Amino acid sequence: MTRTRKPVVEVRRSQRRRRTVSAYRDGERVVVLIPDRFSRAEETEWVERMLARLAAREERIRRTDDELLSRARRLTHRYLADHARHVQPASVRWVTNQNGRWGSCTPDDGTIRISHRIQEMPDWVIDYVLLHELSHLVVPSHNAHFWELVNRYPKAERARGYLEGISAATGLVLADD
Ligand SMILES: [Zn+2]
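Please read all numbers here as calculations on a predicted model, not as lab measurements.

Here we look at the overall build of the chain
Within the chain one finds 5 helices and 6 strands. In the chain, the succession of α and β elements from N to C terminus is β-β-β-α-α-β-β-β-α-α-α. Its C-alpha atoms give the chain a radius of gyration of 21 Å, more than 25% over the compact-globule value 16 Å for 177 residues. Seen through its principal axes, the chain has C-alpha atoms that stretch 65 × 35 × 30 Å. The buried share of the chain, taken over its 177 residues, is 41%. A sequence separation of at least 24 residues applies to 49% of the contacts in the chain between residues at least 6 apart. Counting 32 positive and 25 negative side-chain charges, the chain places the centres of these two groups 6 Å from one another.

Overview of the environment of R63
With respect to the helices, strands and loops of the structure, R63 is situated in the loop between α1 (40-62) and α2 (65-79). Along the sequence, R63 and W94 sit 31 residues apart, while their C-alpha atoms lie 8.9 Å from each other. Discounting chain neighbours no more than four positions away, the residues touching R63 are R71, W94, Q119, E120, M121, P122, D123 and I126. Side-chain polar atoms of R63 contact the backbone oxygen of Q119, separated by 2.5 Å.

A short note on the coordination of the zinc ion
Taken together, the protein donors to the zinc ion comprise H132 (NE2), H136 (NE2) and H142 (NE2), at separations of 2.0 to 2.1 Å. The sequence pattern describing where the donors of the zinc ion fall on their chain is H-x3-H-x5-H. Here H132, found in helix α3 (residues 123-135), pairs with H142, found in the loop between α3 and α4 (144-150); they are 10 residues apart in sequence, far enough to count as distant. For H132, a relative accessible area of 1% puts it in the buried group. Judged by relative accessible area, H142 falls into the partly exposed class, the value being 36%.

Points about the sheet that holds strand β1 (residues 8-14)
The strand order β1-β3-β2 describes an open sheet built from 3 strands, whose pairing is mixed. Both outer strands of the open sheet, β1 and β2 (22-26), are each paired with one neighbouring strand and no more. Looking at each pair of strands side by side, their axes are set apart by 25° on average, direction ignored.

Considerations on the side chain of S135
Mapped onto the secondary structure, S135 falls in helix α3. Those residues in contact with S135, other than ones at most four positions away along the chain, are L80, F146, L149 and V150.

Remarks on the sheet that holds strand β4 (residues 91-95)
Two strands in a sheet stick together by hydrogen bonds in their backbones, pointing the same way (parallel) or opposite ways (antiparallel). In spatial order, the strands read β4-β6-β5; together these 3 strands make up an open sheet with mixed pairing. One side of each edge strand has no neighbouring strand; the edge strands of this open sheet are β4 and β5 (103-106). On average, each strand axis in the sheet is inclined to that of its neighbour by 15°, with strand direction left out of account. Pairing between β5 and strand β6 (residues 111-115): 4 bridges, direction antiparallel.

Rules behind the numbers
Residues numbered from 1 in each chain as written. Predicted model: local features only at pLDDT ≥ 70, side-chain atom pairs only at ≥ 80, totals over all residues. Heavy atoms only, no water. Helix = DSSP H or I, 4+ residues; strand = E, 2+ residues; numbered from the N terminus. Rg over C-alpha atoms; globule rule 2.2 N^0.38 Å. Buried < 20%, exposed > 50% of the residue type's maximum accessible area, 1.4 Å probe, protein only. Contact = heavy atoms within 4.5 Å. Lys, Arg positive; Asp, Glu negative; His and termini not counted. Charge placed at Lys NZ, Arg CZ, Asp CG, Glu CD. Polar contact = N/O pair within 3.5 Å; in protein donor to acceptor, adjacent residues only side chain to side chain. Donors = N, O, S within 2.8 Å, 3.2 Å for Na, K, Ca; no water. Pairing = 2+ DSSP bridges. Axes fitted to C-alpha atoms, helices over the stretch in contact; angles between N-to-C directions.

Structure representation (structure tokens):
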């Protein structure tokens, strides 16, 4: 993850605003709009909060299909180099219509879809889900050989735990298929 340097913040107080706070980027600056009645402490707290929210939104935008494909290439090179001949996905895309799955792969046509639900998760979780789907291009089923490939990823176990935790917390039953 790249860290952008701290932006210049301009706080604008408005008497019309009662509770709502909003923020937007204006070139190098970030403008934060707050209600006039906010104390200094509230201002500081909300500026921090809005900067974090803005950074998260920008990080999400950065995670494009192109970025996902180059991530797939990097992972293949690093963990599946001995199967590189088979691991040549026709497409790797973020999708929003995938209910109940973190990712999916159709080995027949070489397409991989990754759920937007993991788009804001840490890089190492996205890498795990992606490597899982890439490994299906070598082994379609979840057999021992398949897990041998997936477990080459050092944080595989940790990522599975993370995803299980999210499933439990949200009440969703999400297979990692
Ligand atoms: Zn699977």
